[in-house]
Structures are given as structure tokens and as C-alpha cells.
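One-letter residues, chain by chain:
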Amino acid sequence: MKSTYFYPAPSEDQQMILDLVVGFAKDELTSLAEAIDHQGEIPQALQEQMAEMGLLAIPISEDNGGAGFDFTSYVLSLAEIAKASGTVAMHLANQTTFFLEPLAQFATGHRAFDEVASGGALGALALLEDAGSFSGEGIQTSADGLKLSGQKSGVLGGEDAKWILVGAKEGDGISFFAFEKDRAGTYLSETSKRLGFRSLSSSTLTFENVTLSDEDRVGQAGDGAAILAFLHTRGLVALTAIAAGIADAAGEAAAQYATERKQFRRAISEFEAIKQRLASSVLAHGASMSLLLSCSRMIDDGIPCDQLARVAKVTATSGALEATDDALQVYGGYGFSQEYPAERFYRDACCLGVFLGGNDDSIQELAMTILPQ
Amino acid sequence: MDFQLSEELLQLQAEAKQVAEELIAPGARDRDENKVFPHDLLKICGDKGWMGCLVPKEFGGSDIGNLGQAVVLEEVAAACASTHVTVSVHNSLMSTPMKKYASAELQAKYLPQVASGAWLGAYLLTEPGAGSDAASLKTTAVEDGDSFVINGDKMWITTGDEARLGIVFARTELDESIRGPKAISAFVVDFEESGGVTFGKREPKLGIRGSSTVAVFLKDVRVPKGNLLGERGRGFNIAMDLLNGGRIGIAIQAIGIGRASFEHALGLVGSLERAGKPMTKSQIVQFRLADMATRLDAARLLALRAAVLRDNNEPHIKEASMAKLYASTIANQVCREVCELLGDAGIRDDGIAERLLRDCRVSELYEGTTEVQKLVIAKQLFADCEA
Ligand SMILES: Cc1cc2nc3c(=O)[nH]c(=O)nc-3n(C[C@H](O)[C@H](O)[C@H](O)COP(=O)(O)OP(=O)(O)OC[C@H]3O[C@@H](n4cnc5c(N)ncnc54)[C@H](O)[C@@H]3O)c2cc1C
């Protein structure tokens with residue numbers, strides 16, 4: 001029996017949403033995951049269902065139009081959903097953490113919120129630029145004089161989004177704006193899919209003198225640093241949850257396969273080498289969940305956790321990569337077949353390290369934390 | 001110790017590089033996306049002599065040996081892994097047993113077609129229940145007059161439905177007391193002449209999608225007794241001997257794919273920036289590239305050593321497994337690190353790094369998994385201790 005990493009036990013509220021999500025993931029999502037991956041698209045009906053269940057805005061207060069659960073409930077839900085479908089979990093994180101949360105926190109009453117929270121339209125964050133890192137360094141896009149010009153690349157889900165949240169230079173600082181992608185001067189200049197998380201596009205958006213108004217603002221002019229930090233920390237924790245879910249799913253599937261598959265007249269699960277491969281999922285999942293819960297509880301209690309969030313994300317994403325690689329190997333030739341789930345877990349995990357500026361950046365930042373100022 | 005390729009091999013390498021870059025690489029993405037079997041490219045490979053690397057010149061082969069084959073096919077693998085695996089299996093697993101174990105009559109009939117690539121070959125060992133434990137295979141070959149009648153299901157057969165000729169491994173001793181290796185014999189099956197050969201659908205795969213991988217169903221397939229390869233009951237040894245050569249081929253495949261990914265990254269970093277400075281000035285980038293280049297070179301040295309030993313008829317079981325083990329492991333690391341290094345551009349499916357990552361993964365699975373290579377190496381290590 002796999003132990004739980006959830007100590008102290010979940011609150012009543014947390015248990016309520018978890019039960020709902022686990023049921024949904026097991027009964028509905030798991031069977032759809034393969035088709036979503038192959039078609040590179042989340043069916044409209046499923047999107048509507050998730051919106052109705054309130055899954056797009058789990059950690060946002062009811063006053064602000066969300067479902068009113070805490071951040072811990074949200075990331076645990078993400079992990080469960082990622083276990084069924086990495087790309088659906090990433091889609092939810094993209095709506096919640098990279099769009100709705102900053103709106104709820106920094107721009108209550110913004111026009112985009114209700115439409116996205118209710119599932120009526122999708123949002124996307126357009127922040128990173130070709131040479132940029134998540135610290136905000138390298139942002140060239142300018143919003144001076146409320147005219148937006150520049151280019152954003154790797155926008156997750158940029159193709160299907162109606163609303164975009166854009167970070168740009170304004171004066172000496174950075175400002176954020178949320179507006180419709182069809183606003184004059186905004187172009188979807190490139191779009192493709194990725195190796196994994198196939199329902200979300202990787203898009204390049206180009207802005208040519210797009211007219212902005214104060215109504216579009218998310219946060220005050222030049223206040224972007226706080227929003228960046230908010231997005232970054234929560235994003236890292238959300239990615240940790242997704243990585244944990246994928247590592248867990250890969251391990252469970254491989255363990256099941258290993259007990260059924262016989263070679264040399266015994267179940268391959270009896271081989272020490274196979275047990276080693278299976279254990280990497282247990283290691284990755286255990287470490288990720290412990291770090292995840294520490295981070296999410298700090299966020300719920302209002303304690304800064306940007307450092308631990310980096311530790312969590314680096315640990316969880318590299319752990320998930322190893323766990324999914326090992327799980328694929330346990331399947332032997334069948335691991336290479338798209339009729340088995342192992343290759344999907346592997347493709348998703350190979351992408352995880354890249355998101356939010358990449359693990360190399362996080363590692364550099366972590367070294368700074370033990371250097372004398 | 002001579003680490004320099006001969007003039008002749010350098011010339012072959014240069015020619016292969018040119019053909020690979022100009023003719024093979026350009027369609028690789030399309031073949032991956034649309035699962036297109038590389039018929040025209042195999043024709044080109046045939047014209048160049050690469051379908052008969054190990055076939056004597058008298059039969060129309062180029063007879064460049066395992067070393068020559070390794071040097072040439074690395075270029076093919078770097079351009080398109082799907083084309084590579086098709087050529088590699090044809091050479092190592094099909095032309096080799098024809099040359100080494102087939103009767104003069106069979107050789108005269110088949111080797112010229114094999115060497116030109118007109119007739120493609122497949123290797124039929126694996127079954128649904130017999131993967132790593134290949135000796136547990138269930139396909140049977142029963143004597144009937146002057147033929148053998150073969151029945152059974154084969155799984156994961158590269159080029160199966162595109163092949164004219166197959167090397168089939170089957171049990172010729174049905175007596176349960178004769179188990180495992182000693183019960184197995186190897187046959188040449190001419191898929192057109194024998195009848196009774198049908199194919200499953202093409203396996204949908206993570207990578208090498210331009211190659212064909214199918215289940216092959218053998219139902220009352222009748223082959224003349226003369227199609228027995230080597231001695232009856234020696235089939236498993238033949239299968240393993242072929243895999244020693246095949247493993248060098250897969251090592252080379254991994255090296256080619258890894259090299260392509262590495263070179264792709266190396267070509268890009270000059271024009272990219274990271275955290276506000278040129279990527280080439282970043283130690284993260286420099287050190288990663290240095291590691292990749294070192295590993296790829298080490299892998300190539302292992303593979304070429306095994307090829308030379310095989311050409312010289314010296315023991316090379318351990319060396320072939322080491323080459324395959326190391327090359328496949330590090331090539332996958334290289335492919336993953338390149339994707340990470342290039343960031344979102346590395347994982348986007350309009351670039352080549354993600355295809356190389358997908359193509360590469362199979363090198364740790366076929367012709368003996370990574371675990372099987374380690375079992376082979378460890379067994380040899382202990383045997384060496386006792387000797
Ligand atoms: C694309 C592709 C093309 C192929 N082409 C061909 C072909 O042309 N001809 C052909 O005959 N075959 C071919 N194969 C089959 C391939 O060689 C087998 O898939 C491989 O030998 C592994 O067998 P399996 O898939 O049954 O895995 P299994 O043997 O079931 O292995 C499952 C897992 O158990 C591990 N394992 C098994 N035994 C042990 C042990 N004793 N100790 C520790 N670990 C163990 C394995 O390493 C693996 O991780 C191909 C496979 C693929 C994917």
C-alpha cells in the first residue's frame with residue numbers, strides 16, 4: 001500500500017473538493033486522456049463540465065467570483081487531475097494561476113474575469129520573450145504611453161485564448177494588462193504544438209502599437225514586480241503539483257504492467273532492476289508531495305515561499321522526468337507504443353523542466369540564496 | 001591502436017554525409033509526421049551500396065564491413081532515424097545470416113536482391129510472450145516431406161510488411177523436454193513464395209514513425225528444407241550472433257541521433273541569448289555542450305571498437321553490449337538536455353529537437369533492452385573471472 005503524504009489530515013473543505021476531483025479524474029478524465037493527447041484538444045463539453053464544477057477558479061475567494069477553496073486544495077486537485085491527464089491539469093493551471101489568480105488579486109472586477117472563470121472564454125499569459133527569464137529581465141515589450149509594442153513567445157495556450165495577460169515595460173517598471181487578443185495590432189504570428197501537453201499551443205504574439213486603456217490594467221502602473229513574483233511562485237508550485245501527478249501516474253501504470261508481464265517464467269516485477277525503476281516514481285512523488293504541501297500551506301498562511309517553491313519545482317520536475325523514463329523502460333517495447341500510456345507521461349515530463357524559465361535559471365537563483373549578500 | 005579512419009573510409013564517410021544531408025534529412029520531418037515509409041531513400045541507399053555493406057562484392061555488395069557500415073550509417077541516422085533502422089536491420093539482421101549461414105544456392109538466389117535493396121529484409125524473433133526471454137518463443141517449424149511448415153505469431157517486426165525476406169526463428173524440437181535455446185532453428189522465409197504470411201496494423205509509435213513495425217502472423221508457412229540456416233537447433237546462437245552485430249548498429253543509431261541533436265544546439269547557441277548575454281558565454285551552456293561532445297565521442301569509440309572486433313572475428317559480445325548500453329543511454333540524455341537548453345523552442349514540434357528526442361528513446365528498448373545489455377555484460381564479466 002502506498003502511504004499518504006497528507007499529514008496533518010485534510011480539512012473538511014479540502015477533503016470535499018478532493019473527493020470531487022478524484023472522482024472526476026478517475027471516472028471521466030482517465031478514459032479521455034489518450035484521445036485528448038492524440039487530438040491535441042480538450043473537448044468543449046469537458047471544458048464546460050470543468051467550468052461548471054468550479055475547477056477553473058478553485059483557490060479564488062467566493063467574493064471574487066471563485067470557488068473559495070484554499071491554495072492547498074487547488075494544488076492537490078491539480079496533482080490528481082495531472083495523474084489522469086497532464087495536459088488538462090496544465091490547462092487548468094494556465095487558466096487559474098496564470099490568468100484568474102492575478103486578476104482576482106490585483107484587478108478585482110476586471111472585465112475578463114467572469115468570462116474566463118465561467119468557462120465562456122480562455123485566458124493566457126503572454127510574458128516571456130525570446131531572451132527573457134522569468135525575473136522580468138529581458139522584457140523588451142513596451143507599454144509606454146499606453147501603446148503596446150513587442151513580441152512574446154512560447155505563450156501557453158495562446159492560440160485558443162480570447163483574453164491575454166501581458167507584462168510590459170512602462171517607464172522604469174513593469175506593468176500588466178489584460179485585453180482581448182483580437183484587439184487591433186495584436187497578431188498571432190506563430191503557433192505550434194509541443195512534444196507534450198498537446199492540448200496547449202506554444203504561440204508567438206506580436207503587438208504593433210496596440211492601444212491600451214486604464215481599464216485593461218492589472219495592478220498599478222509600474223507595479224509589475226509584485227505580480228511577477230506572485231505569478232512565479234504560484235506557477236512553480238502548480239508545476240510541482242503537475243509533476244507529482246505525472247510521476248505518480250507513470251509509477252502506478254508501470255507497477256501494474258510489471259505485475260502482469262511475465263518473462264523468464266516470472267512476473268518482471270520480481271526483478272530487482274525493475275523494482276529500482278519503479279521506486280524512482282515513489283521517490284519523485286514522495287519528495288514532490290512533501291514539498292508541494294509545505295509550499296501550499298505557506299501560501300495559504302501568507303508566508304513567502306519563493307525559495308522553497310524553486311526547490312520544489314526543480315525536485316519535482318527532474319524527479320518526474322526520471323520516473324517517467326523509468327516507467328517507459330519497464331514496459332519494454334510496449335513503452336514505445338502509443339497504445340500504452342507510458343510514452344505520453346514521458347513526453348509531458350520532458351517538457352516540465354522548460355516551463356517558467358527552466359530549471360537552470362531556478363538553480364542559479366537558488367545558489368544566490370546561500371551566498372553572502 | 002589506430003584512431004584514424006583509412007582514406008577509403010574517410011571518403012565513404014564524406015560521401016555518406018553529403019547524401020544524408022542533401023537527400024535524407026530534408027524529408028525527415030514529413031516522414032515522421034505522416035508516417036511515410038522511406039521507399040525512395042532505400043533505393044538511394046541501395047544504389048550507394050549501403051544495403052549490402054556486409055555482402056561480398058561477387059553478389060553486388062559493397063563489403064565495407066562492420067566498421068565501414070558504422071561510419072556510413074551514423075550519417076544516415078543523424079539525418080533520419082526511421083531510414084536508419086530500416087537499413088540497419090536489413091544489413092545486420094538479414095544480409096548477415098544469408099552470407100554466414102545460407103546455402104550457396106540460397107545465396108545465389110537472394111544475395112544480389114538483398115545487396116541492391118530490391119528485396120527488403122526483416123528479422124522475426126520477438127513474440128507477444130517472448131521479448132527479453134527470446135528463447136521462450138512458441139512459433140513452431142514442423143518437418144513435412146522436404147519442407148518445414150511454420151506456425152506462430154511474431155511481434156514488433158521492423159519492416160515486416162515491406163519485406164520480401166524474413167529470418168524466422170522457430171522451435172523445431174516440439175518435445176517439451178528439449179527446452180529453450182536448443183530447440184530453436186533459423187529459417188529464411190520468402191514472404192512471396194511461401195504464402196501464409198499476413199501482417200498486423202502498423203504500430204503507432206513514439207518515434208521512428210517512418211519505419212514500419214508490425215505483428216507478423218505465420219500460418220502454415222511452407223519453406224523448403226534448404227531454407228534452414230546453419231544447423232538445426234543452432235538457431236538461438238545465430239539469433240544472438242546477429243544481435244551482436246545489430247547492437248553495434250543500434251549504438252550507431254543512438255550516436256547519430258544524439259549527434260544531430262547536439263549539432264542542432266551547437267549551431268543555435270551562437271545566435272541565442274540567455275539572461276541578457278550570448279549563450280556561448282554562459283557556463284551552463286558551455287559545460288553542457290562539453291559534456292555532450294565528450295559522451296558522444298566516448299560512445300563512438302566503444303561502437304567502433306566493437307565493429308573492428310567483429311570484422312576481425314574476435315570476441316565482441318561484451319563490447320557490442322557495452323557500446324549499445326552506453327550509446328543509447330547517453331544519446332537519450334543528450335536529446336533531453338538539448339530540449340531543455342533550447343527552452344520552449346526545444347520542445348516545440350516545429351523544431352527538430354523534439355523529434356530526435358522521440359526517435360532516440362527506442363534505442364534503449366530494441367535489440368535487447370538496457371537491462372538485457374547489463375545482464376549480458378555482467379555474465380561476461382563473471383565468465384572472464386572464471387577463465
Ligand atoms: C520499434 C521496435 C522495433 C522492433 N523491431 C524488432 C524486430 O525487427 N525484430 C524482432 O524480433 N524484435 C523487434 N523488436 C522487439 C524488441 O527487441 C523487444 O521489444 C525487446 O526485446 C524487449 O522485449 P519486450 O518488449 O517483450 O519487453 P520485456 O521483455 O517484456 O521487458 C519488459 C521490461 O522488463 C525488463 N526485463 C526483462 N527481463 C529482465 C530480467 N531478466 N532482468 C531484469 N529486467 C528484465 C526489460 O528490460 C524491460 O524493462 C522491436 C521493438 C520495437 C519497440
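Predicted model, so just to flag it, every value in this text is computed and none were measured.

Student: Describe the packing of aromatic side chains, with residues and values.
Tutor: For the structure shown, the criterion picks out 15 aromatic pairs over all chains. Ring geometry for Tyr-331 of chain A and Tyr-340 of chain A: centres 5.9 Å apart, planes at 65 degrees, overall edge-to-face. On the numbers, 6.0 Å between centres and 55 degrees between planes, the contact of Phe-191 of chain B with Phe-199 of chain B is tilted. We classify Phe-191 of chain B as buried; its relative accessible area is 10%. On the accessibility criterion, Phe-199 of chain B (32% relative accessible area) is partly exposed. Of the aromatic side chains, those joined through ring pairs into one cluster are Tyr-257, Tyr-331, Tyr-334 and Tyr-340 of chain A together with Trp-156 of chain B. Sitting above the plane of the Phe-71 of chain A ring, Arg-234 of chain A keeps its charged end 4.9 Å from the centroid. A cation sits over an aromatic face here: Arg-164 of chain B above Trp-119 of chain B, 3.8 Å from the ring centre.

Student: Mind laying out helix H8 (residues 235-269) of chain B, listing which residues take part and the relevant values?
Tutor: Taking 1.5 Å per residue, 35 residues should reach 51 Å; H8 of chain B reaches 50 Å between its end C-alpha atoms and fits that length. Taking the largest bend as the criterion, H8 of chain B deviates by roughly 25 degrees, centred on Asn-244 of chain B.

Student: Account for the pairing of strand E1 (residues 123-126) of chain A, with residues named and values stated.
Tutor: All names here are of chain A. Burial of E1 is two-sided: the residues Gly-123 and Leu-125 facing one way and the residues Ala-124 and Ala-126 facing the other way are all buried. The pairing of E1 with strand E3 (residues 163-170) spans four bridges and is classified as parallel. Residue pairing in the sheet places Ala-126 in a bridge with Val-166 of E3.

Student: Quick one: what's the story with the environment of Asp-248 of chain A, residue by residue and with numbers?
Tutor: Counting through the fold element by element, Asp-248 of chain A comes out in helix H6 (residues 224-260). C-alpha separation for the pair Asp-248 of chain A and Gly-154 of chain A, spaced 94 residues apart in sequence, amounts to 27 Å.

Student: Requested: an account of the packing of helix H1 (residues 7-24) of chain B against helix H3 (residues 39-48) of chain B, with residues and values cited.
Tutor: Residue and element names in this part refer to chain B. One way to put it is that H1 packs onto H3 with a least axis distance of 12 Å and a crossing angle of 160 degrees. Taken together, the axes of H1 and H3 lie roughly antiparallel to each other. For H1 against H3, the interelement crossing comes out right-handed. Contacts between H1 and H3 pair Glu-15, Val-19, Leu-23 and Ile-24 from the former with Leu-41, Ile-44 and Lys-48 from the latter. Along the lines of polarity and charge, the residues of the contact of H1 with H3 split into five nonpolar, no polar and two charged.

Student: Describe the layout of surface pockets, naming the residues involved and giving the relevant values.
Tutor: Roughly 1100 Å³ of volume is contained in the second largest pocket. Broken down by secondary-structure element, the contributors of at least two residues to the lining of the second largest pocket are helix H4 (86-106), strand E2 (147-156) and helix H10 (359-370) of chain A together with strand E9 (273-274), helix H10 (317-342) and helix H11 (344-347) of chain B. Per-element accounting of the lining of the second largest pocket gives the leading share, five residues, to E2 of chain A. In terms of residue class, the lining of the second largest pocket is made up of 20 nonpolar, 13 polar and 12 charged.

Student: Requested: an account of the environment of Gly-68 of chain A, with residues and values cited.
Tutor: Residue and element names in this part refer to chain A. Position of Gly-68 relative to the elements: it lies in the loop between helix H2 (44-52) and helix H3 (71-84). Judged by its relative accessible area of 33%, Gly-68 falls in the partly exposed class. In this structure, the C-alpha to C-alpha distance between Gly-68 and Glu-48, residues 20 residues apart in sequence, is 19 Å. Setting aside anything within four residues of it in sequence, one finds Gly-68 in contact with Ala-57, Ile-58, Ile-60, Ser-61 and Glu-62.

Student: Give a detailed account of the nonpolar core, specifying residues and quantitative values.
Tutor: Of all hydrophobic cores here, the largest spans 209 residues; its most connected members are Phe-176 and Ile-242 of chain A together with Phe-169 of chain B. The dominant element in this core, judged by the number of residues it contributes, is H6 of chain A, at 19 residues. If we ignore the near neighbours within four places in the chain, the residues touching Phe-176 of chain A are Leu-125, Leu-127, Leu-165, Val-166, Gly-167, Asp-216, Arg-217, Val-218, Gly-224, Ile-227, Leu-228 and Leu-231 of chain A. Membership of the second largest hydrophobic core comes to 19 residues, among which are Ala-141, Val-189, Leu-218 and Val-221 of chain B.

Student: Can you explain the sheet that holds strand E6 (residues 202-211) of chain A? Please cite residues and give values.
Tutor: All names here are of chain A. Spatially, E2-E6-E5 is the arrangement adopted by the three strands of the open sheet, whose pairing is antiparallel. This sheet does not close on itself; its edge strands, each paired only once, are E2 and strand E5 (186-192). With strand direction ignored, the average angle separating the axes of adjacent strands in the sheet is 10 degrees.

Student: Report on the site of the ligand, specifying residues and quantitative values.
Tutor: In the vicinity of the ligand, 29 residues are found, and the nearest of them are Arg-261 and Gln-329 of chain A together with Ser-132, Trp-156 and Thr-369 of chain B. Bordering the ligand are residues originating from chains A and B. Gln-329 of chain A has a polar backbone atom sitting 2.6 Å from an oxygen atom of the ligand. Contact distances for the ligand include 2.7 Å between a nitrogen atom and a backbone N or O atom of Trp-156 of chain B. Notes on the ligand: free accessible area 970 Å², of which the protein chains cover 95%. Going through the elements one at a time, helix H8 (306-330) of chain A together with strand E3 (147-158) and helix H13 (370-386) of chain B are the ones with two or more residues in the shell around the ligand. Take the shell around the ligand: its biggest share by element is three residues, from E3 of chain B. Here the residues of the shell around the ligand are counted per class, giving 15 nonpolar, 10 polar and four charged.

Student: Residues and numbers for the domain arrangement of chain B, please.
Tutor: Accessible area lost during the coming together of the parts is what is often quoted as the interface size. All names here are of chain B. Annotation of chain B at the domain level lists domain 1 (7-119), domain 2 (122-233) and domain 3 (236-386). Of the roughly 1100 Å² buried at the junction of domain 2 and domain 3 (both faces included), carbon and sulfur atoms supply 72%. Ranking the residues of domain 2 by area buried against domain 3 places Tyr-123, Leu-206 and Ile-208 at the top, with a combined share of 41%. Between domain 2 and domain 3 we count zero salt bridges in total. Per-class residue counts for the side of domain 2 that touches domain 3 are 11 nonpolar, three polar and one charged.

Student: Tell me what's going on with the state of the cysteines, and back it up with residues and numbers.
Tutor: Counted under the stated rule, the structure contains zero disulfides over all chains. Cys-53 of chain B takes part in no disulfide bond, and the closest cysteine sulfur to it belongs to Cys-45 of chain B, at a distance of 8.9 Å. The class for Cys-53 of chain B is buried, based on a relative accessible area of 0%. Looking at Cys-339 of chain B, it has no disulfide partner, and the nearest cysteine sulfur is the one in Cys-350 of chain A, 7.0 Å off.

Student: Could you give an account of unusual backbone geometry, with specific residues and numbers?
Tutor: Residue and element names in this part refer to chain B. Positive phi is not limited to glycine here, since Lys-35 has a value of about 55 degrees. Along the chain, the position of Lys-35 falls in the loop between helix H2 (28-34) and H3. Judged by its relative accessible area of 44%, Lys-35 is partly exposed. The phi angle at Glu-367 is positive, at roughly 55 degrees, despite the residue not being glycine. Along the polypeptide, Glu-367 turns up in the loop between helix H12 (353-360) and H13.

Calculation criteria
Residues numbered from 1 in each chain as written. Chains lettered and ligands numbered in written order. Predicted model: local features only at pLDDT ≥ 70, side-chain atom pairs only at ≥ 80, totals over all residues. Heavy atoms only, no water. Phe/Tyr/Trp six-rings, centres within 6.5 Å; stacked < 30°, edge-to-face > 60°. Buried < 20%, exposed > 50% of the residue type's maximum accessible area, 1.4 Å probe, protein only. Lys NZ or Arg CZ within 6 Å of the ring centre and 35° of its normal. Helix = DSSP H or I, 4+ residues; strand = E, 2+ residues; numbered from the N terminus. Expected span 1.5 Å × (residues − 1). Bend = angle between axes of the 7 residues up to and from the residue. Pairing = 2+ DSSP bridges. Axes fitted to C-alpha atoms, helices over the stretch in contact; angles between N-to-C directions. Parallel < 35°, antiparallel > 145°, perpendicular 65-115°, else oblique. Left-handed = near helix turned anticlockwise from the far one by under 90°. Contact = heavy atoms within 4.5 Å. Nonpolar A, V, L, I, M, F, W, Y, C, P; charged D, E, K, R; others polar. 1 Å grid on protein atoms, 1.4 Å probe; cavity = no way out; pocket = protein on both sides within 12 Å on 5 of 7 lines; lining within 4 Å. Points joined across faces, edges and corners; volume = space filled by probe spheres on them. Core = buried A, V, L, I, M, F, W, Y, C linked by side-chain atoms within 4.5 Å. Near = heavy atom within 4 Å. Polar contact = N/O pair within 3.5 Å; in protein donor to acceptor, adjacent residues only side chain to side chain. Areas by Shrake-Rupley, 256 points an atom, 1.4 Å probe, with all protein chains shown as cover. Domains from an automatic or database assignment. Buried area = accessible area lost by both parts, 1.4 Å probe. Salt bridge = Lys/Arg side-chain N within 4 Å of Asp/Glu carboxyl O. Disulfide = S-S within 2.5 Å.

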